[in-house]
Amino acid sequence: MRRRKCKTIWAYLDGRKLVDVVQAALDNHMLVVDMKALLVRENPGHAVTFKVE
């Protein structure tokens, strides 16, 4: 049987790993899109990037 690798979305703040966006959205009963927007809005002046790993 083949096992599927789990992927998630990580948020990086100025190049440093900040939070697992999918898990944070689940914990706060939000959509991933809304969580991404919240992270960008709460960190003005910083470069917030998202990567699927």
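Structure: see above.
Residues numbered from 1 in each chain as written. Predicted model: local features only at pLDDT ≥ 70, side-chain atom pairs only at ≥ 80, totals over all residues. Heavy atoms only, no water.

*Asks:* Describe the environment of V33, with residues and values.
*Replies:* Take V33: it is sitting in helix α2 (residues 32–42). For V33, a relative accessible area of 64% gives the class exposed. (Helix = DSSP H or I, 4+ residues; strand = E, 2+ residues; numbered from the N terminus. Buried < 20%, exposed > 50% of the residue type's maximum accessible area, 1.4 Å probe, protein only.)

*Asks:* Give me the lowdown on unusual backbone geometry, citing residues and values where you can.
*Replies:* The residue D14 is not glycine, and still its phi comes out positive at about 55 degrees. Among the structural elements, D14 can be located in the loop between β1 (9–13) and β2 (16–20). Although it is not a glycine, H29 sits at a positive phi angle of roughly 55 degrees. Of note, H29 is situated in the loop between α1 (21–27) and α2. Since its relative accessible area comes to 76%, H29 is described here as exposed.

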